[in-house]
Amino acid sequence: MSFFLIPERKFQKVQDISPELLTKMGVRLLILDVDNTIAPYKTLTLESSVTDWAERVRAAGVELTIVSNNKGRRPEIFAGLLGVPYIKRAGKPSPRGVREALRLAGVEPRDAALAGDQIYTDTIAANLAGVRMLLVEPIKFTNPFLAIRYFLELPFRHERRRKSFSAKELDQ
Ligand SMILES: [Mg+2]
């Protein structure tokens with residue numbers, strides 16, 4: 001199974017990625033996907049559980065940057081709500097946007113992670129950039145195409161890379 005399609009860890013939702021875990025993993029920069037990771041498609045607001053989580057992550061010393069393929073204004077709006085930098089039209093699965101986020105933050109790939117909901121964009125981009133991939137379940141399927149894509153991703157969603165885990169992390 002291709003290494004590039006397999007996330008390192010999986011979570012039900014982005015709020016489940018605890019600041020404590022990020023700190024333990026040595027993550028100094030968490031790159032955030034937008035659509036279906038921090039908000040459903042088309043929405044213009046963030047749930048308070050997401051903004052509270054982001055605040056706790058940043059309070060733990062982990063920087064956040066939005067890296068989205070979205071071409072509209074939502075990456076900017078959400079970045080404004082969170083008070084973090086953003087890169088839109090990132091072109092994931094190309095690692096270009098992820099590398100730009102690393103450059104902006106002055107962080108090495110090994111000290112960064114990407115939280116996103118997709119295998120064929122987020123996971124590939126993270127792995128190509130050498131950043132740890134934290135996969136979340138999509139918040140909501142708003143059209144049949146998204147459901148089909150999710151179905152095609154299932155074999156990879158059920159895999160996870162084990163080689164970079166410490167026994168302590170696996171216990172979580
Ligand atoms: Mg997404």
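The coordinates are above.
Residues numbered from 1 in each chain as written. Predicted model: local features only at pLDDT ≥ 70, side-chain atom pairs only at ≥ 80, totals over all residues. Heavy atoms only, no water.

Asker: Would you mind showing me how to read the sheet that holds strand β5 (residues 112-116) here?
Answerer: Hydrogen bonds between backbone groups are what pair the strands of a sheet, and the pairing can be parallel or antiparallel. Here six strands make up an open sheet; going across it, the order is β1-β6-β5-β2-β3-β4 and the pairing parallel. Of all strands in the sheet, those with a lone pairing partner are β1 (9-11) and β4 (86-87), marking the two edges. In the sheet, β1 pairs with strand β6 (residues 132-136) via three bridges, with the strands oriented parallel. Looking at the pairing, Lys10 lines up with Leu135 of β6. Of the strands in this sheet, β2 (29-32), β3 (63-67) and β4 are in contact with helix α3 (residues 74-82), which crosses β3 at around 165°. (Pairing = 2+ DSSP bridges. Helix = DSSP H or I, 4+ residues; strand = E, 2+ residues; numbered from the N terminus. Contact = heavy atoms within 4.5 Å. Axes fitted to C-alpha atoms, helices over the stretch in contact; angles between N-to-C directions.)

Asker: What should I look at first to understand the coordination of the magnesium ion in this one?
Answerer: Geometry sets the ideal angles at a metal, namely 109.5 degrees for four tetrahedral donors and 90 or 180 degrees for six octahedral donors. Protein-derived coordination of the magnesium ion comes from Asp33 (OD), Asp35 (O) and Asp117 (OD), at a distance range of 2.1 to 2.2 Å. The sequence pattern formed by the donor residues of the magnesium ion is D-x1-D-x81-D. Across the pair, exposure class does not vary: Asp33 and Asp35 are buried alike. (Donors = N, O, S within 2.8 Å, 3.2 Å for Na, K, Ca; no water. Buried < 20%, exposed > 50% of the residue type's maximum accessible area, 1.4 Å probe, protein only.)

Asker: Looking at this model, I keep getting lost on the pattern of salt bridges. Mind explaining?
Answerer: Oppositely charged side chains may form a pair once their charged atoms are brought near each other. Applying the stated rule across the entire model yields nine salt bridges. Of the charged contacts in the structure, one is a salt bridge between Lys92 and Asp122, with a shortest N-O distance of 2.9 Å. With Lys92 in the loop between β4 and α4 (96-105) and Asp122 in helix α5 (residues 119-129), the pair connects residues that are 30 residues apart, well separated along the chain. Assessed through its relative accessible area of 5%, Lys92 is described here as buried. With relative accessibility at 1%, the residue Asp122 sits in the buried group. Here Arg157 and Glu153 are joined by a salt bridge, their closest N and O atoms 3.0 Å apart. (Salt bridge = Lys/Arg side-chain N within 4 Å of Asp/Glu carboxyl O.)

Asker: Sorry if this is basic, but what is going on with α4 here?
Answerer: Residues lying three or four places apart along an α-helix face the same way, a consequence of the helix completing one turn every 3.6 residues. If you check which residues of α4 are buried, you get Gly97, Val98, Ala101, Leu102 and Ala105. What you see down the axis of α4 is that its buried residues fit within an arc of 145°, all on one side. On the buried face of α4, the contacting elements are β2, β3, β4, β5 and α5. Looking one or two residues beyond α4, the residue adopting positive phi is Gly106, at roughly 65°. (Arc of directions from axis to C-beta.)

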